Amino acid sequence: MDAGHEAALGLHQIEGYLHQEANRLEAHRKARDFAWELPGLTPDQRLMIEEAYAREQVENAHRVTHHIAQRIQQIESRYAARHRRFTREAAIAMAVVTLGLIGLCIAVLLGSAAGAA
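Residues numbered from 1 in each chain as written. Predicted model: local features only at pLDDT ≥ 70, side-chain atom pairs only at ≥ 80, totals over all residues. Heavy atoms only, no water.

Draft legend 1. Here's a closer look at the layout of surface pockets. Considered as a void within the structure, the largest pocket measures approximately 410 Å³ in volume. Lining the largest pocket are 18 residues, and of these His19, Gln20, Asn23, Ala61 and Thr65 lie nearest its centre. For the lining of the largest pocket, the elements supplying multiple residues, two or more each, are helix 1 (3-37) and helix 2 (43-116). Looking at which element gives the most residues to the lining of the largest pocket, the answer is helix 1, with ten residues. (1 Å grid on protein atoms, 1.4 Å probe; cavity = no way out; pocket = protein on both sides within 12 Å on 5 of 7 lines; lining within 4 Å. Points joined across faces, edges and corners; volume = space filled by probe spheres on them. Helix = DSSP H or I, 4+ residues; strand = E, 2+ residues; numbered from the N terminus.)

Draft legend 2. Main features of the pattern of salt bridges. Counted under the stated rule, the structure contains four salt bridges. Connected through shared salt-bridge partners, Glu26, Arg29 and Asp33 make up one network. (Salt bridge = Lys/Arg side-chain N within 4 Å of Asp/Glu carboxyl O.)

Draft legend 3. Fine view of a nonpolar patch on the surface. A grouping of Leu11, Ile14, Tyr17 and Leu18 is seen on the molecular surface, where their side chains present a nonpolar patch of about 450 Å² in accessible area. As for its placement among the helices and strands, Leu11 is situated in helix 1. (Patch = residues over 30% accessible without salt bridge, like charges linked within 9 Å, V, L, I, M, F, W, Y side chains within 5 Å. Areas by Shrake-Rupley, 256 points an atom, 1.4 Å probe, with all protein chains shown as cover.)

Draft legend 4. Molecular detail of helix 1. The terminal C-alpha atoms of helix 1, which comprises 35 residues, lie 51 Å apart, in line with the 51 Å expected from a rise of 1.5 Å per residue. Among the residues making up helix 1, those that are buried are Ala27, His28, Ala31 and Ala35. (Expected span 1.5 Å × (residues − 1). Buried < 20%, exposed > 50% of the residue type's maximum accessible area, 1.4 Å probe, protein only.)

Draft legend 5. Examining the side chain of Arg46 more closely. Relative to the helices and strands, Arg46 resides in helix 2. Buried charge without a partner: Arg46 forms no salt bridge, and the closest opposite charge is Glu37, 9.1 Å away. Arg46 has contacts with Ala35, Trp36, Leu38 and Leu41, leaving out every residue within four places of it along the chain. (Lys, Arg positive; Asp, Glu negative; His and termini not counted. Contact = heavy atoms within 4.5 Å.)

Draft legend 6. A look at the side chain of His28. Among the structural elements, His28 can be located in helix 1. Taking the relative accessible area as the measure of exposure, His28 reaches 11% and is therefore buried. Polar side-chain contacts of His28 include one of 3.0 Å to the side chain of Glu50. Not counting the four nearest positions on each side in its chain, His28 is found in contact with Glu50, Glu51 and Ala54. (Polar contact = N/O pair within 3.5 Å; in protein donor to acceptor, adjacent residues only side chain to side chain.)

Draft legend 7. Summary view of a positive patch on the surface. The grouping of Arg71, Arg78, Arg82, Arg84, Arg85 and Arg88 at the surface amounts to a positive patch. One can find Arg82 in helix 2. (Charge placed at Lys NZ, Arg CZ, Asp CG, Glu CD.)

Structure below.
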């Protein structure tokens, strides 16, 4: 892996972490706002609601991310199989064309040698 690829990967990982952290903080904020609107809760109960909601949001995000990653892998494997098939068929076609051209050259050479004799 070259340095440019490693740098791009590192930036992608940092971006993912920052996005995940922003989502987590947003989930906490939403849960805190919701919990503070509920009458009769103690601060500990509000905190428990906030933590449970944020944890659920993080778990949902992980499930969605995992599903997306699996789908990408499926598509990549299909693309790779299609590319291998295309490459194999192209190589066979090129071999047939090359053999045909070699046969044509031999026929021309034999025809001109027979005409000269």
